[in-house]
Amino acid sequence: MTRIVVIVAAAMLGVAAGAGLTMAVQRDTRAPSPDAARALVAPPTTPETPSTFLVWVPRGLPHGFAATVARVPKIAATTVVAEDDTWLRGSWTAGGELVDHPPAGYRIPIDTAAVDPGTFSAFVPPADRPDVAALSQGAAILGQTSASLRGLGPGSVLDVAGQTLRVAAVLPDQFVGAAELVVSNRVGSRIGVDHDRYILVQPARGRRMSPDAFRARIVPFLPASLEINRAVQVRAPGDTPYLRAGDAVLPPVVVKTLFGEFAARRGHRPGTLQIDPVWTAAHIETTHVPLLGRVTCNRSIVPQLTAAMRHVKRRAPTNVVRSYNGCFVPRFIGWSNENMLSYHSWGIAFDINAAANVRGEAPDQDPRLVRILGRYGFEWGGSWIVPDGNHFEFHRTVPVGG
């Protein structure tokens with residue numbers, strides 16, 4: 001069959017060809033071929049997908065949550081998706097050619113989803129269901145962007161956390177929540193993918209509802225916790241580029257296409273990483289940025305960040321930045337190995353005024369700072385469900401001139 005291929009949702013990224021950001025893919029230090037680079041900015045198409053709702057809760061699904069949603073009347077199908085970073089040791093084409101070979105002692109972090117093939121198959125078109133069924137036999141599926149980034153396809157082989165996985169198929173990113181790799185939940189448990197992140201839900205035939213109406217339907221059936229009820233997020237196709245948890249931020253595979261892929265190993269301190277110094281030398285630079293002072297960030301965001309802070313300096317009071325608290329800090333979210341990688345690891349996130357903006361508490365940033373950084377393409381964590389008021393990260397490209 002001819003599969004519909006979508007590589008990067010341009011409406012989400014605001015990225016056009018020639019935007020000037022680094023799009024090199026790092027395995028050793030090789031850049032993608034010109035053909036691969038062109039593929040990464042192909043115009044989006046609209047695949048035919050079932051009418052599906054995404055349901056997620058910050059920090060992962062509470063125990064029993066998915067079973068409760070599945071019992072809601074007028075629900076035709078549900079499936080739970082676990083997602084974590086796993087560690088790629090190597091990969092080979094279907095013909096046996098070595099592709100990924102990180103330096104000794106390092107591994108490549110891969111955003112991996114684990115699903116129950118029996119329930120997940122209802123959420124892909126019928127023609128792709130045999131590929132999903134192959135997951136039950138220990139096979140794997142690559143998302144389209146992930147396959148393009150690696151130069152791999154069906155029949156290729158990956159060594160992930162010591163498990164040899166043969167790729168059964170490549171599916172469009174929309175069908176796999178923009179995950180790089182999809183495995184069965186049985187394989188997932190062996191490679192460390194065991195945090196349930198979100199649920200996909202299909203209403204019964206003919207029951208088309210808005211996300212708000214669907215949320216109102218499920219909330220009365222949830223555990224009697226006001227915190228959970230307030231935090232439940234519901235999305236429908238068209239509300240978000242990809243049906244995945246934390247849908248306000250870029251998926252890791254998109255970050256890799258824009259800012260490069262690194263190999264890493266766990267750091268000596270809990271929740272930290274040591275990144276391959278070859279990648280760091282190629283992508284990270286230390287420079288001076290107005291109001292922030294000396295910063296160490298991914299060199300691709302430096303012009304955008306510099307222009308933004310010059311604008312802040314012109315339009316906001318001098319004390320709008322009371323402290324700058326770092327940019328390139330290789331680590332997991334919340335300094336916990338249980339979480340996925342922070343975008344500080346790519347040097348595309350930075351923290352400002354951390355003392356007055358503790359994660360999880362009400363944010364306290366000058367609205368002018370937030371507004372100007374937003375105009376220059378930086379997402380503010382203070383608007384998230386679990387606010388992180390000191391945190392800003394790259395979300396889209398904004399041309400800033402020469």
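The structure displayed is predicted, hence computed values, not measured ones. Within any chain, residue numbers begin from 1 and follow the written order of that chain's sequence. Totals for whole chains, interfaces and linings use every residue, but because this is a predicted model, local features are given only for residues with pLDDT of at least 70 and side-chain atom pairs only at 80 or more, for both listing and counting. Side-chain measures were taken over the full set of non-hydrogen atoms in the model, leaving aside hydrogen atoms and water.

Engineer: Could you give an account of helix α13 (residues 367-375), naming the residues involved and the relevant values?
Structural biologist: The buried label applies to any residue whose accessible area, calculated with a 1.4 Å probe on protein chains only, is under 20% of its type's maximum; exposed applies above 50%, and partly exposed to all values in between. What counts as a helix is a DSSP run of H or I of at least four residues, what counts as a strand is a run of E of at least two, and both are numbered from the N terminus. Listed in full, the buried residues belonging to α13 are Leu369, Val370, Ile372 and Leu373. Contacts from the buried residues of α13 go to α12 (302-315), β14 (349-351), β15 (378-380) and β16 (391-394). Polar contacts here mean pairs of N or O atoms no more than 3.5 Å apart (in protein, one a potential hydrogen donor and the other a potential acceptor; neighbouring residues in sequence count only if both atoms are side-chain atoms). Two to three positions downstream of the cap, the backbone nitrogen of arginine 368 sits 2.8 Å from a side-chain oxygen, assigning the N-cap of α13 to aspartate 366. Once α13 finishes, glycine 377 follows within two positions and takes phi at roughly 90°, a positive value. By definition in these notes, contact holds between two residues if any of their heavy atoms fall within 4.5 Å.

Engineer: So what about the nonpolar core? Which residues, and what values?
Structural biologist: We define a nonpolar core as any set of buried Ala, Val, Leu, Ile, Met, Phe, Trp, Tyr and Cys residues linked to one another through side-chain atoms lying within 4.5 Å. In terms of nonpolar packing, the biggest core is built from 46 residues, with Met309, Trp346, Leu369, Leu373 and Phe378 touching the most fellow members. Broken down by element, this core gets its largest block of residues, 6 residues, from α12.

Engineer: Describe the environment of leucine 171, listing the residues and the values that go with them.
Structural biologist: Position of leucine 171 relative to the elements: it lies in strand β6 (residues 163-171). Classification of leucine 171 as buried rests on a relative accessible area of 0%. Put simply, leucine 171 and alanine 147 are 24 residues apart on the chain and 9.1 Å apart in space, counted from C-alpha to C-alpha.

Engineer: Could you give an account of a positive patch on the surface, with specific residues and numbers?
Structural biologist: Patch members must show over 30% relative accessible area and no salt bridge, and they are joined within 9 Å when carrying like charges or within 5 Å when they are nonpolar side chains of Val, Leu, Ile, Met, Phe, Trp or Tyr. For the area figures, the Shrake-Rupley method with a 1.4 Å probe applies, and any residue is considered shielded solely by the protein chains shown. By definition, a salt bridge exists where a carboxyl oxygen of Asp or Glu is found within 4 Å of a side-chain nitrogen of Lys or Arg. His is not counted, nor are the chain ends; Lys and Arg add positive charge and Asp and Glu add negative charge. Charge placement uses NZ in Lys and CZ in Arg. For Asp and Glu, CG and CD serve respectively. A cluster of like positive charges, contributed by Arg310, Arg314, Arg315, Arg371 and Arg375, occupies part of the molecular surface. For the positive patch, the element with the most residues is α12, which contributes 3 residues. With respect to the helices and strands, the residue arginine 375 is situated in helix α13.

Engineer: Explain the packing of aromatic side chains to me, using residue names and the numbers behind them.
Structural biologist: The criterion for an aromatic pair is that two Phe, Tyr or Trp rings (for Trp, the six-membered ring) have centres within 6.5 Å, with stacked assigned to planes under 30 degrees apart, edge-to-face to planes over 60 apart and tilted to the rest. Following the criterion strictly, the structure yields 7 aromatic pairs and no others. Consider the rings of phenylalanine 53 and phenylalanine 214, whose centres lie 4.4 Å apart with planes at 5°: the pair is stacked. Remark: phenylalanine 214 occurs in helix α8 (residues 211-218) and phenylalanine 53 occurs in strand β1 (residues 53-56); sequence separation between them is 161 residues. Exposure class is identical for phenylalanine 53 and phenylalanine 214. Each is buried.

Engineer: Lay out the environment of threonine 145 with the relevant residues and their values.
Structural biologist: By the element assignment, threonine 145 lies in helix α6 (residues 144-150). By relative accessible area, threonine 145 is classed as buried at 0%. Separated by 26 residues in the primary sequence, threonine 145 and leucine 171 place their C-alpha atoms 9.2 Å from one another.

Engineer: Can you tell me about the pattern of salt bridges, naming the residues and giving the values?
Structural biologist: Under the defined criterion, the tally for this structure stands at 12 salt bridges. When the shortest N-O distance is used, the salt bridge between glutamate 180 and arginine 150 registers 3.9 Å. Taken together, the positions of glutamate 180 in the loop between β6 and β7 (181-184) and arginine 150 in helix α6 put the pair 30 residues apart, joining distant regions of the chain. Pair check on accessibility: glutamate 180 and arginine 150 agree, each one buried. For glutamate 180, the salt bridge goes to lysine 256, with nearest N and O atoms at 2.9 Å. With glutamate 180 in the loop between β6 and β7 and lysine 256 in helix α10 (residues 252-259), this pair connects stretches of sequence that are 76 residues apart. Within the structure, one salt-bridge network assembled from shared partners comprises Asp100, Arg150, Glu180, Lys256 and Glu261.

Engineer: Summarise the environment of histidine 344; cite the residues concerned and give the values.
Structural biologist: Its place among the elements puts histidine 344 in the loop between α12 and β14. For histidine 344, a relative accessible area of 1% corresponds to the buried category. A C-alpha to C-alpha distance of 8.6 Å links histidine 344 and phenylalanine 332, two positions 12 residues apart in sequence. The contacts of histidine 344, once residues within four sequence positions are left out, are Gly326, Cys327, Phe328, Val329, Pro330, Arg331, Ala349, Phe350, Asp351 and His391. At 3.4 Å, the side chain of histidine 344 and the side chain of histidine 391 are in polar contact.

Engineer: Which residues make up the sheet that holds β16, and what values go with them?
Structural biologist: Two strands pair if DSSP finds at least two bridges between them. Strand order across the open sheet formed by 3 strands is β14-β16-β15, with antiparallel pairing between neighbours. Looking at the sheet topology across the chains shown, the edges are occupied by β14 and β15. The mean angle between the axes of side-by-side strands here comes to 25°, regardless of whether they run parallel or antiparallel. Where β14 lies against β16, 3 bridges are found, and the strand directions are antiparallel. From the neighbouring strand, aspartate 351 faces β16, where its bridge partner is histidine 391. Only the stretch in contact is used when a helix axis is fitted, and all axes are lines through C-alpha atoms; the angle between N-to-C directions ranges over 0 to 180 degrees.

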